[in-house]
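# Topology and contacts: notes
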Amino acid sequence: AVVSTQSTGITEKLVEVVKETITARPLREEECQNIRRMLSGLQNPSNPVYCLLWERAKQYFISLCTGVVGQVPAGFSVCSTDLQGVASKFTHLVSYNRGVFGPFYADIISEIISTTNISTTSTSCNVQLSEDATMS
């Protein structure tokens, strides 16, 4: 209920910003309803925009696991500072996890790689990140 109330407030604020920004003519109520409908649809995980942004965010964090620090994905420019802050903490956590648990799992990972002939690129990171994403 809290998310719904917050998103309604954000939606209404965005509708007001659009109304103020468009000066050529006032927005009709039907147009305002369309904006509200599109914005509320972004909360649905099956929404195409939601899916696209989710995939871009996952790929960004997967690339961080491989040590490739790229630029913030398209569509995240509004929250790039926040995303970079989370990415910094994430890479620190991955590095710490690798340092603490790496020796423990090295033999297990080597055995898995040798038995399945998987290349030693970012496969283990992809699996781990995908599992973590489904848990939240």
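Our structure's up above, just so we're on the same page.
Note that the structure is a prediction, hence the values are computed from the model and not measured.

Rules of the game
- Residues numbered from 1 in each chain as written.
- Predicted model: local features only at pLDDT ≥ 70, side-chain atom pairs only at ≥ 80, totals over all residues.
- Heavy atoms only, no water.
- Helix = DSSP H or I, 4+ residues; strand = E, 2+ residues; numbered from the N terminus.
- Contact = heavy atoms within 4.5 Å.
- Areas by Shrake-Rupley, 256 points an atom, 1.4 Å probe, with all protein chains shown as cover.
- Expected span 1.5 Å × (residues − 1).
- Buried < 20%, exposed > 50% of the residue type's maximum accessible area, 1.4 Å probe, protein only.
- Polar contact = N/O pair within 3.5 Å; in protein donor to acceptor, adjacent residues only side chain to side chain.
- Axes fitted to C-alpha atoms, helices over the stretch in contact; angles between N-to-C directions.
- Parallel < 35°, antiparallel > 145°, perpendicular 65-115°, else oblique.
- Left-handed = near helix turned anticlockwise from the far one by under 90°.
- Nonpolar A, V, L, I, M, F, W, Y, C, P; charged D, E, K, R; others polar.
- Phe/Tyr/Trp six-rings, centres within 6.5 Å; stacked < 30°, edge-to-face > 60°.

### Notes on the overall build of the protein chain
The secondary structure content of the protein chain amounts to five helices and zero strands. Along the protein chain, helices and strands appear, N-terminal first, in the series α-α-α-α-α. Residue pairs in contact within the protein chain that sit at least 24 positions apart in sequence constitute 39% of those at least 6 positions apart. On the protein chain, roughly 10100 Å² of surface is accessible, and the fraction owed to carbon and sulfur atoms is 61%.

### So, helix α3 (residues 48-65)
The end-to-end C-alpha distance of α3 is 26 Å, a good match for the 26 Å that 18 residues give at a rise of 1.5 Å each. The complete set of buried residues in α3 reads Ala 57, Tyr 60, Phe 61, Ile 62, Ser 63, Leu 64 and Cys 65. In this structure Asn 47 caps α3, since a side-chain oxygen of it lies 2.8 Å from the backbone nitrogen of Val 49.

### Remarks on the packing of α3 against helix α4 (residues 80-116)
As a packed pair, α3 and α4 sit with axes 10 Å apart at the nearest point and diverge in direction by 40°. The orientation of α3 with respect to α4, classified from their angle, is oblique. The crossing of α3 and α4 is right-handed. On α4, the residues touching Tyr 60, Phe 61, Leu 64 and Cys 65 of α3 are Leu 83, Gln 84, Val 86, Ala 87, Phe 90, Thr 91 and Arg 98. Here the contact of α3 with α4 is built from residues that sort into eight nonpolar, two polar and one charged.

### Quick notes on the packing of aromatic side chains
Two descriptors summarise a pair of aromatic rings, namely the distance from one centre to the other and the angle between the planes of the rings. Under the definition given, this model contains three aromatic pairs. Judged by centre distance (5.1 Å) and plane angle (85°), the ring pair of Phe 61 and Phe 90 falls under edge-to-face. One end of the pair, Phe 61, is in helix α3; the other, Phe 90, is in helix α4, and 29 residues separate them in sequence. Arranged with centres 4.8 Å apart and planes meeting at 80°, the rings of Phe 104 and Tyr 105 form a pair that is edge-to-face. A relative accessible area of 57% means that Phe 104 is categorised as exposed. For Tyr 105, a relative accessible area of 39% gives the class partly exposed. One aromatic cluster is present, built from ring pairs that chain together Tyr 60, Phe 61 and Phe 90.

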